[in-house]
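Secondary and tertiary structure notes
Residue-level listing of the chains:
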2 protein chains.
Amino acid sequence: MNRKKIVETISPFKDFSEKYVPLIDRFIKDFFDKKIKHSSLPFMKEMYAMLREYCTRDGKRVRPIVLANAYSGYRKGRDDFSEVIKLAAVIEIMHSFLLIQDDIIDKSALRRGGKAMHLLTGEKYGPRSHNSNIGSDLALIMADVLFANSIEIISNAGIRPVIKNEFLKVFSSTYEMTAWGQILDILHSLPRNFGFRKNVAMDISSLKTAHYTIYYPMLMGYILAGGSDKKESGRIGEFALPLGLAFQVRDDILGVFGRERDTGKPEDSDIIEGKITLLVHFTVNSIKGAEREKFLSLFTMVKKRKREIAFIRGMIDKSGALEKSMELHGRLVETSAARLTSLKMRSVNRDILTGIIDAIRKVDI
Amino acid sequence: MNRKKIVETISPFKDFSEKYVPLIDRFIKDFFDKKIKHSSLPFMKEMYAMLREYCTRDGKRVRPIVLANAYSGYRKGRDDFSEVIKLAAVIEIMHSFLLIQDDIIDKSALRRGGKAMHLLTGEKYGPRSHNSNIGSDLALIMADVLFANSIEIISNAGIRPVIKNEFLKVFSSTYEMTAWGQILDILHSLPRNFGFRKNVAMDISSLKTAHYTIYYPMLMGYILAGGSDKKESGRIGEFALPLGLAFQVRDDILGVFGRERDTGKPEDSDIIEGKITLLVHFTVNSIKGAEREKFLSLFTMVKKRKREIAFIRGMIDKSGALEKSMELHGRLVETSAARLTSLKMRSVNRDILTGIIDAIRKVDI
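Residues numbered from 1 in each chain as written. Chains lettered and ligands numbered in written order. Predicted model: local features only at pLDDT ≥ 70, side-chain atom pairs only at ≥ 80, totals over all residues. Heavy atoms only, no water.

**Observations concerning the overall build of chain A**
Within chain A, the regular secondary structure consists of 17 helices and two strands. Compactness check: chain A gives a C-alpha radius of gyration of 21 Å against a globular reference of 21 Å for 365 residues, within 12% of the reference. Taking the principal axes of its C-alpha atoms as reference, chain A extends roughly 65 × 60 × 45 Å. Sequence separation of at least 24 residues holds for 73% of the intrachain contacts in chain A that already meet a minimum separation of 6. Accessible surface computed for chain A: about 15400 Å², of which carbon and sulfur atoms make up 54%. Charge-centre separation for chain A: the mean point of 59 positive side chains lies 1 Å from the mean point of 45 negative side chains. (Helix = DSSP H or I, 4+ residues; strand = E, 2+ residues; numbered from the N terminus. Rg over C-alpha atoms; globule rule 2.2 N^0.38 Å. Contact = heavy atoms within 4.5 Å. Areas by Shrake-Rupley, 256 points an atom, 1.4 Å probe, with all protein chains shown as cover. Lys, Arg positive; Asp, Glu negative; His and termini not counted. Charge placed at Lys NZ, Arg CZ, Asp CG, Glu CD.)

**A few points about helix α3 (residues 42–55) of chain A**
Residue and element names in this part refer to chain A. Over its 14 residues, α3 runs 20 Å from end to end, which matches the ideal 20 Å to within 8%, given 1.5 Å per residue. If you check which residues of α3 are buried, you get Phe43, Met44, Met47, Tyr48, Met50, Leu51, Tyr54 and Cys55. Burial along α3 is one-sided: seen end-on, the buried residues are contained in an arc of 155 degrees. (Expected span 1.5 Å × (residues − 1). Buried < 20%, exposed > 50% of the residue type's maximum accessible area, 1.4 Å probe, protein only. Arc of directions from axis to C-beta.)

**Things to note about the environment of His211(A)**
Residues and elements named next belong to chain A. The residue His211 is located in helix α9 (residues 200–224) in this model. Relative accessible area serves as the criterion here: at 13%, His211 is assigned to the buried category. Remark: the alpha-carbon pair of His211 and Gly237, spanning 26 residues in sequence, is separated by 8.5 Å. Excluding anything up to four places from it in sequence, His211 contacts Met177, Ser206, Tyr216, Pro217 and Leu241. Here the side chain of His211 touches Ser206 through a polar contact of 2.9 Å, landing on its backbone oxygen. (Polar contact = N/O pair within 3.5 Å; in protein donor to acceptor, adjacent residues only side chain to side chain.)

**What to know about the pattern of salt bridges**
Per the stated rule, a full pass over the model turns up 48 salt bridges over all chains. Residues Arg57(B) and Glu53(B) are paired through a salt bridge, measuring 2.9 Å at the closest nitrogen-oxygen approach. Arg57(B) sits in the buried class, given a relative accessible area of 7%. Note that Arg361(B) is salt-bridged to Asp358(B), the shortest N-O span being 2.6 Å. With Arg361(B) and Asp358(B) both in helix α17 (residues 347–361) and three residues apart, this pair spans about one turn of that helix. For Arg361(B), a relative accessible area of 32% corresponds to the partly exposed category. For Asp358(B), a relative accessible area of 37% corresponds to the partly exposed category. Through salt bridges with shared partners, a single network forms among Asp25(A), Arg61(A), Glu92(A) and Arg112(A). (Salt bridge = Lys/Arg side-chain N within 4 Å of Asp/Glu carboxyl O.)

**Quick notes on the packing of aromatic side chains**
Following the criterion strictly, the structure yields 33 aromatic pairs over all chains and no others. Between Tyr74(A) and Tyr222(A), the aromatic rings sit 4.6 Å apart at their centres with planes inclined by 75 degrees, giving edge-to-face as the arrangement. Linking Tyr74(A) in helix α4 (residues 62–74) with Tyr222(A) in helix α9, this pair joins segments that are 148 residues apart in sequence. A single burial state applies to Tyr74(A) and to Tyr222(A), both of which are buried. Taken together, a centroid distance of 5.7 Å and an interplanar angle of 75 degrees make the contact between Phe147(A) and Phe97(B) edge-to-face. Of this pair, Phe147(A) sits in helix α7 (residues 134–156) while Phe97(B) is found in helix α5 (residues 81–106), placing the two residues in two different chains. For Phe97(B), a relative accessible area of 0% gives the class buried. (Phe/Tyr/Trp six-rings, centres within 6.5 Å; stacked < 30°, edge-to-face > 60°.)

**Here we look at the confidence of the model for chain A**
Mean pLDDT over chain A: 92, with 94% of residues reaching 70 or higher. For this predicted complex, the interface confidence score (ipTM) comes to 0.94, while the overall pTM stands at 0.94. (pLDDT = per-residue confidence, 0-100.)

**A look at unusual backbone geometry**
All names here are of chain B. The backbone of Arg112 sits at a positive phi, close to 50 degrees, despite the residue not being glycine. Phi at Leu190 is positive, roughly 45 degrees, even though this residue is not glycine. Along the chain, Leu190 falls in the loop between α8 (161–187) and α9 (200–224). Overall, the relative accessible area of 12% leaves Leu190 in the buried class.

**Comments concerning the domain arrangement of chain A**
Residues and elements named next belong to chain A. Here chain A is partitioned into domain 1 (1–69 + 77–158) and domain 2 (160–365). Look at where the C-alpha atoms of domain 1 and domain 2 centre, and you get two points 22 Å apart. Tallying the contact residues gives 25 residues for domain 1 and 28 residues for domain 2. Contact between domain 1 and domain 2 buries roughly 2500 Å² in total, counting both sides, with carbon and sulfur atoms accounting for 70%. (Domains from an automatic or database assignment. Buried area = accessible area lost by both parts, 1.4 Å probe.)

**Notes on the interface of chain B and chain A**
Facing 61 residues of chain B, the contacting portion of chain A comprises 61 residues. Interface area, chain B with chain A, both sides summed: about 5500 Å², of which 70% is carbon and sulfur. Contact with chain A buries area across many residues of chain B, yet His130(B), Trp180(B) and Leu187(B) alone supply 14% of it, more than any other trio. The interface formed by chain B and chain A holds two salt bridges in total. As a salt-bridge pair, Lys35(B) and Glu176(A) come within 2.9 Å of each other at their nearest N and O atoms. For the interface between chain B and chain A, the tally reads 30 residue pairs in polar contact (both at pLDDT 80 or more).

**Overview of the relation of the copies chain B and chain A**
Superposing chain B onto chain A takes a rotation of 180 degrees combined with a translation of 0.0 Å along the rotation axis, leaving an RMSD of 0.0 Å. In short, the pair behaves as if placed about a two-fold rotation axis. When each C-alpha of chain B is compared by its distance to the rotation axis, Pro161(B) comes out closest, at 2.9 Å. Interface overlap between copies: 100% of the residues of chain B at the interface are likewise at the interface in chain A, consistent with a symmetric, same-surface contact. (Least-squares fit on C-alpha atoms with pLDDT ≥ 70 in both.)

**As for the nonpolar core**
Counting residues in hydrophobic clusters, the biggest one holds 262 residues, and the most contacted among them are Phe171(A) and Phe171(B). With residues up to four places along the chain from it excluded, the contact list for Phe171(A) reads Val90(A), Met94(A), Ile151(A), Ile154(A), Met220(A), Phe147(B) and Ile151(B). (Core = buried A, V, L, I, M, F, W, Y, C linked by side-chain atoms within 4.5 Å.)

**Examining helix α2 (residues 12–38) of chain A**
Its 27 residues give α2(A) an end-to-end C-alpha distance of 39 Å, which sits within 8% of 39 Å, the value for a rise of 1.5 Å per residue. For α2(A), the set of buried residues is Phe16(A), Ser17(A), Tyr20(A), Val21(A), Ile24(A), Asp25(A), Phe27(A), Ile28(A), Phe31(A), Phe32(A), Lys35(A) and Ile36(A). Looking at the buried side of α2(A), the elements it contacts are α3, α4, α5 (81–106), α7 and α17 (347–361) of chain A together with α8 of chain B.

What follows is the structure, encoded as structure tokens:
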């Protein structure tokens with residue numbers, strides 16, 4: 001057994017994921033199997049099969065695992081994981097809801113090693129219609145089916161009513177805030193000029209990722225465990241928000257300097273889509289004069305060629321923006337790591353969070 | 001006082017609407033006012049103001065009124081209309097959620113006497129971006145904000161947990177079934193050929209309108225009143241589904257033969273969009289040979305000229321499809337009217353339903 005293998009074997013995060021991810025995926029699969037079985041019309045069966053495949057594609061399941069780990073770490077008394085698995089699955093199904101919409105908006109072709117939903121529906125149903133947009137139109141409404149399914153699963157979860165109601169409140173905040181983050185992102189993609197407030201990249205990351213990926217799933221787990229102490233949920237925020245921001249900064253760095261086989265996303269997509277990430281923010285603030293003009297004119301081009309993309313990437317590196325982003329990323333990760341001990345959860349579940357912190361700390365470029 | 005005025009004054013439906021529609025609209029307005037006040041970023045305030053305007057545009061508020069009337073007709077004991085108004089408002093906000101998506105898909109310009117949301121956002125935010133699709137992209141995610149808002153209002157409604165849970169179940173069925181209806185509609189719009197199952201127009205109407213517009217809102221009101229008798233909810237279905245179908249058949253007829261000032265929709269939009277309504281179904285089944293070929297080739301054209309639209313409308317009339325649709329509409333309305341007395345609700349609320357039946361019975365062409 002080599003060293004790497006040993007490290008992996010003793011990782012509590014990996015153990016926890018290996019235990020619960022299959023349960024979450026199994027629930028999702030069974031849910032859609034039942035939907036397929038009980039659908040009254042053939043097209044519903046076909047489309048539920050597409051949704052089953054889409055929602056169970058390989059993925060890290062970060063959000064449901066963060067939820068399940070918080071539940072496990074904060075719960076007192078009787079274990080009721082069977083119901084919590086359902087609600088962790090809801091978070092994953094709602095993630096697919098957002099990914100389908102994301103890919104329609106970004107016109108992306110790939111998602112989690114498969115085709116984007118709007119491409120699948122376009123290929124399957126396109127030939128029957130003169131509507132050239134039928135793929136996106138169908139995918140958009142299939143996302144709505146997932147949201148209705150999520151509410152159904154919540155309504156059927158056998159948890160205490162007062163807890164379910166608190167869960168619904170965090171659920172609504174989650175998708176409201178994420179929507180605002182997505183809107184802010186759209187408002188600042190492919191911009192015609194750069195007259196933005198200074199911290200818009202951080203605002204987008206905070207709304208779209210930091211709350212969505214770590215903070216709210218943790219808060220949901222805490223609530224499901226019966227937690228209601230405002231001080232502790234405040235501490236969860238102080239721990240989770242920097243980590244969520246670090247997650248987004250890492251994603252931004254890998255989006256420009258990572259490799260497709262590591263990230264699962266086409267290289268350079270952030271540059272092609274003209275997203276205002278922190279890297280871009282730092283770059284634009286570091287360069288001046290003709291260099292700045294050239295960077296901005298290339299960055300805001302709708303169709304960019306390879307050479308232009310390479311120039312943009314080079315400028316982000318040369319300007320010091322990559323280094324600044326790496327530094328900020330490191331600071332955020334360590335802030336969060338230092339706050340971990342303040343959380344009043346079981347130590348085994350804190351160890352699992354350490355595993356998540358370690359995964360976010362590593363930036364392979 | 002002329003005769004028309006007298007009839008209007010004594011209509012229990014009109015009285016009920018005049019009492020509750022302002023309360024529902026007031027709740028929606030106040031909800032968004034609070035959102036505007038508490039939004040942390042300027043663009044959120046702007047967009048919440050747009051959503052407030054959109055959600056409170058003139059409309060008949062059929063669904064919230066059907067819900068409120070069923071609650072009132074079935075409730076026993078203490079009146080708790082303050083909470084029911086909130087849930088009636090949710091149904092109206094969710095209606096806006098669907099209308100925004102509908103207009104994106106159909107590329108419609110008008111809605112309820114104002115501009116479609118994707119046009120408003122496109123005009124306001126288009127100039128800042130090279131993204132030519134920014135209006136639709138933003139409107140799509142603003143619809144998501146409405147869905148999150150709806151869940152928030154439900155979570156804050158002060159009703160018994162067991163009732164809230166039943167409400168959530170019907171809520172999820174409502175938007176699942178409506179989504180399937182919308183998908184079936186998209187699958188059969190602008191078709192390349194007519195090899196459809198015979199009753200596809202009825203399937204679309206049943207999924208997209210009959211359940212959505214009358215049955216589920218009534219069922220929600222029944223549940224909110226504490227109703228749980230499966231026999232009574234069955235009777236509600238037997239009453240409401242024919243009426244909902246009649247509502248859609250009427251809408252289909254007016255969509256081709258109605259006037260814009262009555263319907264609020266551009267004339268001929270169903271023909272332009274190539275929707276497979278019952279009118280089209282009857283027409284295609286009535287004509288043969290060269291006439292059928294000509295009708296189909298014109299109907300499936302993506303860009304239709306005035307003369308072609310007039311030909312299609314004329315053929316729908318000449319083929320007997322208009323008459324058949326009017327007959328079916330009449331039969332459905334009278335079926336529903338005959339079943340009204342079987343409902344175990346207060347007679348004043350049955351009278352209000354009579355007013356709704358009368359409104360659906362009238363087809364002004």
